[in-house]
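# Structural overview
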Amino acid sequence: MKLFNEPSPLETKIISFRFGLENSASIDTYLAHDGYKALRKALEISPDDIINELKASNLRGRGGAGFPTGMKWSFVPRASEKPKYIVVNADESEPGTCKDRLLIQHDPHQLIEGCLIGALAVGAKKGWIYIRGEYNYLIHIMDKAIAEAYKNGYLGKNICGTDFEFDLYTHTGAGAYECGEESALLESLEGKRGVPRIRPPFPAISGAFQSPTLLNNVETFSSVPAILRMGGQAYADLGVPRSGGTRLVCMSGHVNKPGVYEVPLGFPLMKFVNEIGGGVWKGRALKAIIPGGSSSPLLKAEECDIPMDYDSIAKAGSMLGSGGLMVMDETTDMVKVALRIMRFYQHESCGWCIPCREGTTWLKKMLQRVSDGHGQTRDIDLIGDLAQNMMGRTFCPLGDAAAMPTIAIVKKYRNEFEEYVARNPFASPELVSIA
Amino acid sequence: MANSISEILGSAAAIAKGMSVTLKEMMSPTVTEDYPDAPAKFQERYRGVHVLQRDEAGLEKCVACFLCAAACPSNCIYIEADENTEKKRISGGERYASVYNIDYSRCIFCGFCVEACPTDAITHGHQFEIASYNTSTLIYRKEQMLVNIAPNVKAPALPVETTGGH
Amino acid sequence: MALVNVTINGVQVQAENGALLIEVAKQNGIEIPAFCYYEGMSLQAACRMCLVEVEKAPKLMAGCTLPVAEGMVVRTESEPVVKARKTTLEFLLSNHPLDCPVCDKGGECELQDMTFKYGVGESRFTEIKQHVPEKQWSPVVFYDAPRCILCYRCVRVCNEGMGVGALGVSYRGVNAEIIPSNGDHLECDECGSCIDICPVGSLTSGIYRYKTRPWEMEHVGTVCTHCSNGCKTTLGVRNNEIVRGNNRDKSGINGEFLCVKGRYAFDFTQHPERLQTPLIRNAAGELEEASWSRALKLVAEKFKALAGPDFGVIGSTRTTNEENYLLQKFARTALGTASIDHHRTGDVVTLIDSLSGKTGQLATAEDLYTSKAVLVVASDLSQQQPLLANKIRANVRHHKAAVYTVTPGPVREDKIARKAIRIAEADSLAGVEQLREALSKEAELVIIYGDAIQGEKVRQLVAFGESLGIPVKYVALVDYANSRGALDMGLLPDLGPGYHATAPGRSLQQMLDDPKLAALWVVGSNPLKGGKSLASTNAFVVVQDLFLTETAQRADVVLPAASAYEKNGTVTNVCGQVQRLKKGIETVGSKADLAIIGLLARGMGVNLGKVDADAIFAEIAASVPGYNQLPMPVILTGGAVQTHPVNGGVPPSSVPGIIASARDTLFTTGSLTRYSKILNEVLEKPGALYS
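Residues numbered from 1 in each chain as written. Chains lettered and ligands numbered in written order. Predicted model: local features only at pLDDT ≥ 70, side-chain atom pairs only at ≥ 80, totals over all residues. Heavy atoms only, no water.

## A few points about the overall build of chain A
Assigned secondary structure in chain A consists of 17 helices and 11 strands. Radius of gyration (C-alpha) of chain A: 22 Å, near the 22 Å computed for a compact globule of 435 residues. Contacts spanning at least 24 positions in sequence make up 71% of the contacts within chain A whose residues lie at least 6 apart. With an accessible surface of roughly 16000 Å², chain A has 54% of that area assigned to carbon and sulfur atoms. Averaging the positions of the 48 positive and the 50 negative side-chain charges in chain A gives two centres separated by 2 Å. (Helix = DSSP H or I, 4+ residues; strand = E, 2+ residues; numbered from the N terminus. Rg over C-alpha atoms; globule rule 2.2 N^0.38 Å. Contact = heavy atoms within 4.5 Å. Areas by Shrake-Rupley, 256 points an atom, 1.4 Å probe, with all protein chains shown as cover. Lys, Arg positive; Asp, Glu negative; His and termini not counted. Charge placed at Lys NZ, Arg CZ, Asp CG, Glu CD.)

Listed below in structure tokens is the structure:
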């Protein structure tokens, strides 16, 4: 299968090395390229060893929150009498992110192998891959891969001749960003309305059907076979301390060579944009970068000289998130950016809690008005204030995801908002403050 | 002699002074009123018999919220509410007062009802001639207090849903 | 349970480990405001009003889902908390129409109260609010989406409280709204709990809508007159008209629960066919209007002339204990007859005889909420005994109680039952026997049985219960508001007040079948319902009722009676709990049955002493076993007290077929509800038991 972007020599291909191979999604290609070797290794060692290997790898969740995976796996109570489940979060909906799609499209067996290792580690016998409704074509690829795995004895009973058994199913959502949140995903998987659950209990203790559930992102599961093959420490050494290994970064926006590239964590951000991405397009100057999907606060050009790892980007006031890197050139209109992002979150808010339901709506209305040229000076403060009022007060992280970029844009590009207001002939300078 | 001359002059001066006041007042406009021969005049904010107002479309402003009755210290307002329908539309809100009585044998014209009204439906008019030998005639019905529909307003016809955009 | 130390606003308090912070604060007199949190229902954490500051937590925490732990330091009035509340209210009001003057909830609206206490005075938004037209879901439920704050209380009370699950949420984000089961309309119990529990005026009641405002009503706490469960209902009365029934103060045995009858079916009191003047059959054989004095004089003369053993008296299952007591006393003494009966709907008599010599084995409504196990035999509780069903559901929800059902068809309790047995009513005891092993492992049990279990079967069921070796309590189900009181007061041909044997007389059926019957006095009952006729064609028939029933049409004199909402007195519910009726309204022309009996006695020259509810109740307390030690302050303040009838040791005669439930559903109770306009409107299709 053809890749949509040329690979770069600067990449470190650990989980994407099969991308672009002839028939890369087939089990034959997979078996010819180290396929299911990690599973055989995992079958020989104890569940604790698997988890220790993961802990040593410093692998952190690739879905966005960046929680240490080894620790998450160790939370699942293996001794529980209830059945244990594996759930793969393939509800990839964060704007700017398209890595899970490639992982399923080009290498579905790597994901299956990751699930099998997860099942061994926590003692699960059943798993689901929850794929977002818009990824309809991926479901067919995944189903085909699962059928191949059953046929070759990698799923079902007596896997690899042992008494290990595991069943894997695909499950589709109806297309809701909210279902990417793990507890909402589980609700949706159970056939209910996709709204988040009260936590604790966390899915590791009470997840799908009130049973212990190991829930991770596609990329996280896909990284597991490589870790077992090369050893946790070797994987960790690819990255920087506390951020082990490599990850897929989806570069989009105003660059010459957009695409999905695998780089070790800690890779310099500007080097990534300029050398792998070929620099900002049309010879223009860089204005800002959104480093981790639309929910991460953007970084101004002068803040971008940092390595790409969880801690460094957090220090710069943003997040690595889901690896959706968006580049904006100097002509970008930041008011429109804020409006576009807010329109997305307003559309995707599930309506469960008040600050998110009303906050996204009114922010969108106000940003729309400012962008239409009817803004008032007080609106700028009000937009910032409302976003601040949503922050940390919503039921699930969607509210934060909508608030964070808005706060950052209003703070960093206030002058652009002021320019918009200045164009409004009816703008009045008075300020209204709450309380 | 000289005494009596100065007395006469003094008296004449006093009369002239007195008459000058009279003459001056005769020239200036009168402040007393000719009521009941002529109609009484009022300050703008005089609190007389209540007037129930209508909106621009001729619909009654009163939505029967009972706040005037709740505010009334002498408990003289009695309301019965009913629901507007598409066929029968009386007020701008969903509800209207099917009965609205004020008992003027109890009303103290304090104006609390006017202050309480959220829709400016009840106001004080300037009518005050309500004395009666029969207290039962002092209970005024809605029809007696409601302003007439202004001649330039056509029959009220508004869509039912008017609550948007508050 | 281990206690932990928690500091709230600088005050150290002790609380049970794991208790919810919002509850701990409440117990210590600190309010943490919330919309979606509702005691007894599942947690939601959606409204974000209850955010509080907890030391060491990175952000504000929702107090409604936060279990307290040792050393927790909480601040509920700090600056960030106050600001968070203000902003939450700002968000809530941003799309909430400010039509409080027309909104039915205005004056008792939680959003209004919260805004007054915690909110800001001004709105900072200038954009247009989103408007959605109001929808009517059923004759009694209206939904105004813009007012809705999506607290999901209605969804939860319908699903968890009622076990119906007729409400859900549709669409998302700002478009999210509550939707009814059938897309555009509701098909449910029509209980109105959703309307009651709505903190704002989003759900409004078809019957109360736009009628008045909360502060304009007089609130009269009385007891519902429909089924035998005896729910306390607070009637909203304005201008001698009942405009609303609910129980928001959660007083009484039912808390805030009411079914469709209790909440809406008070409108029979204003039915146009209501009798407001006595009727006397004239020479032409037609009933014609007459004055009270003429009618009473005629009846008194006739009664005096016809008094004796051939005089029949049929009492009511709705009149008060005082009226029932006075009726049987008057009949047995002044009229000299033993033929007294009423429409019996459940075999309480045999149960009390079977439990003779034992105490504490009659269950109360509260026992159904606390007992670890409940067995339902031959009854569709959700249809016939809605409060008892509600208590059982709450018990399962809160205490994980074990429920067992033995019924001839599917019942709602099956869904929560550990084991549901389908068996014909006649074979119910065989079904019960199948549960022996499971039941004997329970710590305690309440057995509820319907009218299929009577006579010998009651004794067998009690024997079964006693053989389990665990504490067992019983409820014998009856149909009507004071069915149990009629039995307790001795409206029976062979038992006097307190189940003590008296000289035997005719039963109800025997009275109807006896061609020698000289006179029949029917008080608040309709024995000729369904085309039955009186064998004695010459009998002088006097009927006291609210409407011209089938029996009243046969009467020689009809006296218009007052309903339960129009008089004082006491009634006894299915579990033997005595509660007080309080007069809410008055219907011109009608008289309470107690007053009518008193006037007839006076006309006949019989001295019954002081005929007034309090005086008669004092007489009951003095002379009827079981009613003699009731704590009066509890009853007088609107509480419920269980009676403890003691059987006289004389086995009652048990004639098969004499006891029969009317088998009414949630939407019918015959004589009263057919005159309730609203109840007939909400009835989409005739409901049936076990369907």
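So, next bit.
## Overview of the packing of helix H15 (residues 377-390) of chain A against helix H17 (residues 414-422) of chain A
Residues and elements named next belong to chain A. Packing of H15 against H17 brings their axes to within 9 Å, and their N-to-C directions diverge by 145°. In this structure, H15 meets H17 at a crossing whose hand is right-handed. Counted together, Thr-377, Ile-380 and Asp-381 of H15 and Arg-414, Phe-417, Glu-418 and Val-421 of H17 form the full contact between these two elements. Tallied by class, the residues present in the contact of H15 with H17 amount to 3 nonpolar, 1 polar and 3 charged. (Axes fitted to C-alpha atoms, helices over the stretch in contact; angles between N-to-C directions. Left-handed = near helix turned anticlockwise from the far one by under 90°. Nonpolar A, V, L, I, M, F, W, Y, C, P; charged D, E, K, R; others polar.)

## Brief notes about the nonpolar core
Phe35(C), Ile178(C) and Leu375(C) are the most contacted members of the largest nonpolar core, which totals 201 residues. By residue number, the principal contributor to this core is helix H13 (residues 334-348) of chain A, which donates 9 residues. Setting aside chain neighbours within four positions, we find Ile178(C) in contact with Trp137(C), Tyr143(C), Cys148(C), Leu150(C), Cys154(C), Val155(C), Leu167(C), Gly168(C) and Val169(C). By size, the runner-up hydrophobic cluster in this structure holds 59 residues, among which are Tyr30(A), Leu111(A), Ala119(A) and Ala121(A). (Core = buried A, V, L, I, M, F, W, Y, C linked by side-chain atoms within 4.5 Å. Buried < 20%, exposed > 50% of the residue type's maximum accessible area, 1.4 Å probe, protein only.)

## Some words on the interface of chain C and chain B
Taken residue by residue, the interface counts 21 residues in chain C and 21 residues in chain B. Note on chain C versus chain B: buried area summed over both sides is about 1700 Å², and carbon and sulfur give 57% of it. The largest contributions to the chain C side of the interface with chain B come from Pro101(C), Val102(C) and Tyr210(C), which together make up 32% of the buried area. Across the chain C-chain B interface, the total number found is 2 salt bridges. The salt bridge involving Asp104(C) is made with Arg95(B); its shortest N-O contact spans 3.7 Å. Across the chain C-chain B interface, the total number found is 5 residue pairs in polar contact (both at pLDDT 80 or more). Considered class by class, the residues forming the side of chain C that touches chain B number 8 nonpolar, 3 polar and 10 charged. (Buried area = accessible area lost by both parts, 1.4 Å probe. Salt bridge = Lys/Arg side-chain N within 4 Å of Asp/Glu carboxyl O. Polar contact = N/O pair within 3.5 Å; in protein donor to acceptor, adjacent residues only side chain to side chain.)

## Observations concerning the interface of chain C and chain A
Across the boundary between the two partners, chain C contributes 39 residues, which contact 36 residues of chain A. Carbon and sulfur atoms supply 58% of the area that chain C and chain A bury against each other, a total of about 3300 Å² over both sides. The tally of links between chain C and chain A comes to 4 salt bridges. A salt bridge links Glu348(A) to Arg172(C), with the shortest nitrogen-to-oxygen separation between them at 3.2 Å. Counting the contacts that link chain C with chain A gives 21 residue pairs in polar contact (both at pLDDT 80 or more). Listing elements by their share of the side of chain C that touches chain A, those giving two or more residues are helix H2 (79-94) and strand E8 (167-170) of chain C. Looking at the side of chain C that touches chain A element by element, the count peaks at 10 residues for H2(C). For the side of chain C that touches chain A, a count of residues per class yields 20 nonpolar, 10 polar and 9 charged.

## What about helix H14 (residues 354-371) of chain A?
Residues and elements named next belong to chain A. In a regular helix each residue adds 1.5 Å, so 18 residues correspond to 26 Å; H14 covers 25 Å between its end C-alpha atoms and thus fits that length. Of all 18 residues that make up H14, 16 are buried, and the element is covered over most of its length. At the C-terminal side of H14, Gly-373 shows a positive phi close to 90°. (Expected span 1.5 Å × (residues − 1).)

## What about the side chain of Gln44(C)?
Considering the arrangement of structural elements, one finds Gln44(C) in the loop between helix H1 (21-27) and strand E3 (51-54). A distance of 3.3 Å separates polar atoms of two side chains, one belonging to Gln44(C) and the other to Arg156(C). Beyond its immediate chain neighbours, meaning those up to four positions away, Gln44(C) contacts Ile198(A), Trp352(A), Phe395(A), Cys36(C), Cys151(C), Tyr152(C) and Arg156(C).

## Thoughts on the sheet that holds strand E25 (residues 519-523) of chain C
Residue and element names in this part refer to chain C. One open sheet accounts for 7 strands, arranged E15-E14-E27-E26-E25-E16-E17; its pairing is mixed. The open sheet is flanked by strand E15 (287-289) and strand E17 (340-341), the only strands paired with a single partner. Both strand E14 (residues 279-281) and E15 contribute to a ladder of 3 bridges, which runs antiparallel. Residue Ile-280 lies in a different strand from E15, and its bridge partner there is Glu-288. (Pairing = 2+ DSSP bridges.)

## Focus: the packing of aromatic side chains
All names here are of chain B. On inspection of all chains with the given rule, the structure shows 28 aromatic pairs over all chains. Measuring from centroid to centroid gives 4.8 Å for Phe-42 and Tyr-46, while their planes differ by 40°, and the two rings are tilted. Note on Tyr-46: relative accessible area 33%, which makes it partly exposed. An angle of 75° between the planes, with centres 4.9 Å apart, marks the rings of Tyr-104 and Tyr-140 as edge-to-face. With Tyr-104 in the loop between strand E3 (95-103) and helix H3 (112-116) and Tyr-140 in strand E5 (residues 139-140), this residue pair connects regions lying 36 residues apart in the sequence. (Phe/Tyr/Trp six-rings, centres within 6.5 Å; stacked < 30°, edge-to-face > 60°.)

## Looking at helix H2 (residues 37-44) of chain A
Residue and element names in this part refer to chain A. Three or more residues of H2 are buried, namely Ala-38, Leu-39 and Ala-42. Seen end-on, H2 carries its buried residues on one side only, within an arc spanning 100°. Contact partners of the buried residues in H2: helix H3 (47-57), helix H6 (108-122) and helix H9 (218-230). (Arc of directions from axis to C-beta.)

## Some details on the domain arrangement of chain C
All names here are of chain C. Domain boundaries in chain C define domain 1 (3-92), domain 2 (108-270), domain 3 (279-344 + 481-674) and domain 4 (348-477). Using only C-alpha atoms to locate each centre, domain 2 and domain 4 end up separated by 33 Å. Counting residues at the interface gives 14 residues for domain 2, matched by 12 residues for domain 4. Summed over both partners, the interface of domain 2 with domain 4 comes to about 1100 Å²; 46% of that surface belongs to carbon and sulfur atoms. Our count for the contact surface shared by domain 2 and domain 4 stands at 1 salt bridge. Seen at the junction of domain 2 and domain 4, the total is 11 residue pairs in polar contact (both at pLDDT 80 or more). Taken together, the residues that form the side of domain 2 that touches domain 4 break down as 7 nonpolar, 5 polar and 2 charged. (Domains from an automatic or database assignment.)

## Description of the environment of Glu77(C)
Residue and element names in this part refer to chain C. Here Glu-77 lies in the loop between strand E5 (72-75) and H2. Assessed through its relative accessible area of 44%, Glu-77 is described here as partly exposed. Once the C-alpha coordinates of Glu-77 and Glu-31 are considered, the two residues, 46 residues apart in sequence, prove to be 9.8 Å apart. Leaving out residues up to four positions away in the same chain, Glu-77 has contacts with Asn-9, Glu-31, Val-82 and Arg-85. Of note is the side chain of Glu-77, whose polar atom sits 3.4 Å from the side chain of Arg-85.

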